[in-house]
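Each chain, letter by letter, is given below.
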Amino acid sequence: MPRKQPKTEFVGIRMPPVDVEALRVEAGQCGRTMSELIRRRITAQLVTSRTDQETSANTDRLHAYDAGVPPNPELIAEAVNVIVSIRRTATGRRVEEVAAVRGWTAGGGFHIARLA
């Protein structure tokens with residue numbers, strides 16, 4: 001893996017306020033700073049959110065428990081942030097409920113908070 005280069009140079013750019021706001025929103029959605037988002041785009045690096053990276057790592061950990069190994073509810077509660085219940089209807093699919101997974105304890109099971 002290549003070593004990271006120190007960021008010693010500053011480059012300023014002029015943009016319309018509407019573009020700056022759109023960039024600010026996108027950077028926030030990715031969990032990155034505006035400068036980091038711009039740097040990644042200019043250097044043609046993949047722009048993924050930190051949350052996506054954490055989810056991917058947690059999913060890999062969950063797969064390790066596949067194939068006959070007993071479930072690990074603490075790991076599931078750590079890896080799963082939101083549960084979406086979808087029901088099929090005559091006109092299509094409908095979201096029934098959205099809930100956040102807040103954790104798990106041996107005495108109380110999964111701690112879930114309904115969001116919608």
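Scroll up for the structure.
Scoring rules and cut-offs
- Residues numbered from 1 in each chain as written.
- Predicted model: local features only at pLDDT ≥ 70, side-chain atom pairs only at ≥ 80, totals over all residues.
- Heavy atoms only, no water.
- Pairing = 2+ DSSP bridges.
- Helix = DSSP H or I, 4+ residues; strand = E, 2+ residues; numbered from the N terminus.
- Axes fitted to C-alpha atoms, helices over the stretch in contact; angles between N-to-C directions.
- 1 Å grid on protein atoms, 1.4 Å probe; cavity = no way out; pocket = protein on both sides within 12 Å on 5 of 7 lines; lining within 4 Å.
- Points joined across faces, edges and corners; volume = space filled by probe spheres on them.

What exactly am I supposed to notice about the sheet that holds strand S3 (residues 109-114) here?
Hydrogen bonds between backbone atoms are what pair the strands of a sheet, whose relative direction is either parallel or antiparallel. Here 3 strands make up an open sheet; going across it, the order is S1-S2-S3 and the pairing antiparallel. One side of each edge strand has no neighbouring strand; the edge strands of this open sheet are strand S1 (82-89) and S3. Averaged over neighbouring strand pairs, the angle between their axes works out to 35 degrees when direction is ignored. Pairing analysis gives 8 bridges linking S1 to strand S2 (residues 92-105), with the strands arranged antiparallel. Of the residues in S2, the one forming a bridge with Thr89 is Gly92.

Sorry, what's going on with the layout of surface pockets here?
Sizing a probe to match a water molecule and rolling it over the atoms shows the empty space that remains. What the second largest pocket holds in volume is close to 450 Å³. As for the second largest pocket, its lining consists of 14 residues, of which Phe10, Val11, Ser35, Ile38 and Arg39 are closest to the centre. Elements supplying a minimum of two residues to the lining of the second largest pocket: helix H1 (17-30) and helix H2 (34-42). For the lining of the second largest pocket, the element with the highest residue contribution is H2, accounting for 5 residues.

Keep in mind these numbers describe shape, not what the thing actually does.
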